[in-house]
Amino acid sequence: MRSDDVRSLLHTAVPTAAAGAIAAGISALVVGGKGAVGAVVATVVVILFMGIGFVVLQRTAKSLPHLFQAMGLMLYAAQILLLFVFLAVFKNTTLFNPRAFAITLVATTLVWIGAQTRAHMKAKILYVEPDSTKGEKPENPGSKS
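Residues numbered from 1 in each chain as written. Predicted model: local features only at pLDDT ≥ 70, side-chain atom pairs only at ≥ 80, totals over all residues. Heavy atoms only, no water.

## Describing the overall build of the chain
Logical step 1: From N to C terminus, the chain includes four helices and zero strands.
Logical step 2: Each helix and strand of the chain, placed in order from N terminus to C terminus, yields the pattern α-α-α-α.
Logical step 3: Taken across its 145 residues, the chain has 29% of its residues classed as buried.
Logical step 4: Expressed as a percentage of contacts within the chain between residues at least 6 apart in sequence, the contacts between residues at least 24 apart total 71%.
Logical step 5: Entry remark: accessible area of the chain is about 10000 Å², with carbon and sulfur atoms responsible for 69%. (Helix = DSSP H or I, 4+ residues; strand = E, 2+ residues; numbered from the N terminus. Buried < 20%, exposed > 50% of the residue type's maximum accessible area, 1.4 Å probe, protein only. Contact = heavy atoms within 4.5 Å. Areas by Shrake-Rupley, 256 points an atom, 1.4 Å probe, with all protein chains shown as cover.)

## Quick word on the packing of helix 2 (residues 33–63) against helix 3 (residues 68–89)
The angle between the axes and the distance between the axes are what describe a pair of packed helices.
Logical step 1: As a packed pair, helix 2 and helix 3 sit with axes 10 Å apart at the nearest point and diverge in direction by 165°. Considering their axes alone, helix 2 and helix 3 lie roughly antiparallel with respect to each other. Of the two possible hands of crossing, helix 2 and helix 3 adopt the one that is right-handed. On helix 3, the residues touching Val45, Phe49, Met50, Gly53, Val56, Leu57, Thr60 and Ala61 of helix 2 are Phe68, Met71, Gly72, Leu75, Gln79, Leu82, Leu83 and Phe86.
Logical step 2: Split into classes, the residues belonging to the contact of helix 2 with helix 3 amount to twelve nonpolar, four polar and no charged. (Axes fitted to C-alpha atoms, helices over the stretch in contact; angles between N-to-C directions. Parallel < 35°, antiparallel > 145°, perpendicular 65-115°, else oblique. Left-handed = near helix turned anticlockwise from the far one by under 90°. Nonpolar A, V, L, I, M, F, W, Y, C, P; charged D, E, K, R; others polar.)

## Things to note about the environment of Val106
Logical step 1: Here Val106 is to be found in helix 4 (residues 98–122).
Logical step 2: Taking the C-alpha atoms as reference points, Val106 and Thr43, separated by 63 residues in sequence, lie 9.6 Å from one another.

## Thoughts on the environment of Leu83
Logical step 1: Locating Leu83 in the fold gives a position in helix 3.
Logical step 2: Owing to a relative accessible area of 4%, Leu83 belongs among the buried residues under this scheme.
Logical step 3: It is 8.7 Å that separates the C-alpha atoms of Leu83 and Val106, two residues lying 23 residues apart in sequence.
Logical step 4: With residues near it in sequence (within four places) discarded, Leu83 still touches Val45, Phe49, Met50, Leu105 and Thr109.

## Observations concerning the nonpolar core
Logical step 1: Grouped together as the largest cluster of nonpolar side chains are eleven residues: Ala13, Ala42, Val45, Val46, Met50, Leu83, Leu87, Phe96, Phe101, Leu105 and Trp112.
Logical step 2: Going through the elements one at a time, helix 2, helix 3 and helix 4 are the ones with two or more residues in this core.
Logical step 3: For this core, the element with the most residues is helix 2, which contributes four residues.
Logical step 4: In contact with Trp112, not counting residues within four places along its chain, are Leu9, Thr12, Ala13, Thr16, Val46, Ile47, Met50 and Gly51. (Core = buried A, V, L, I, M, F, W, Y, C linked by side-chain atoms within 4.5 Å.)

## Re empty space enclosed by the protein
Over the atoms, a rolled probe matching the size of one water molecule traces out where space is still vacant.
Logical step 1: Overall, the coordinates contain one cavity of 30 Å³ or more when judged by the stated rule.
Logical step 2: Counted as a void, the largest cavity has a volume near 40 Å³.
Logical step 3: Going through the elements one at a time, helix 2, helix 3 and helix 4 are the ones with two or more residues in the lining of the largest cavity.
Logical step 4: Ranked by residues supplied to the lining of the largest cavity, first place goes to helix 2 with four residues. (1 Å grid on protein atoms, 1.4 Å probe; cavity = no way out; pocket = protein on both sides within 12 Å on 5 of 7 lines; lining within 4 Å. Points joined across faces, edges and corners; volume = space filled by probe spheres on them.)

## Thoughts on helix 4
Logical step 1: The terminal C-alpha atoms of helix 4, which comprises 25 residues, lie 36 Å apart, in line with the 36 Å expected from a rise of 1.5 Å per residue.
Logical step 2: Looking only at helix 4, the buried set comprises Ala100, Phe101, Thr104, Leu105, Thr108, Thr109, Trp112, Ala115, Gln116 and Ala119.
Logical step 3: Where helix 4 begins, the side chain of Asn97 points an oxygen toward the backbone nitrogen of Arg99, at a separation of 2.9 Å. (Expected span 1.5 Å × (residues − 1). Polar contact = N/O pair within 3.5 Å; in protein donor to acceptor, adjacent residues only side chain to side chain.)

Below, the structure is given as structure tokens:
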């Protein structure tokens, strides 16, 4: 993974973790220990689902750039669907407070999407590879078919 991808991932995961910590604190005050556990589990689930999706999308962009946009749309739809499935599976659990879990899951997902949008807008992404100093043509990193 390139360094700018890692930086972008950090700029999205850190605000999400902070929002999860805030949600855990609020849940602990309002509901108690089970609310805090639900908020922490929801935060971990969002960071894992969205982080894995980010890595998959970056690898797709590198290896199959012509599928990047379609893959991104499919990936986000699948992530949201998986989060809803996760909500449905743990709807009646006694391990943690389901309401705190659900609210934190939705809130941290929105924070992740907002932070990822902000990180992408702040990133200085080159649209064209600059000429090298030797005057040589840069190699095409695309597939050789």
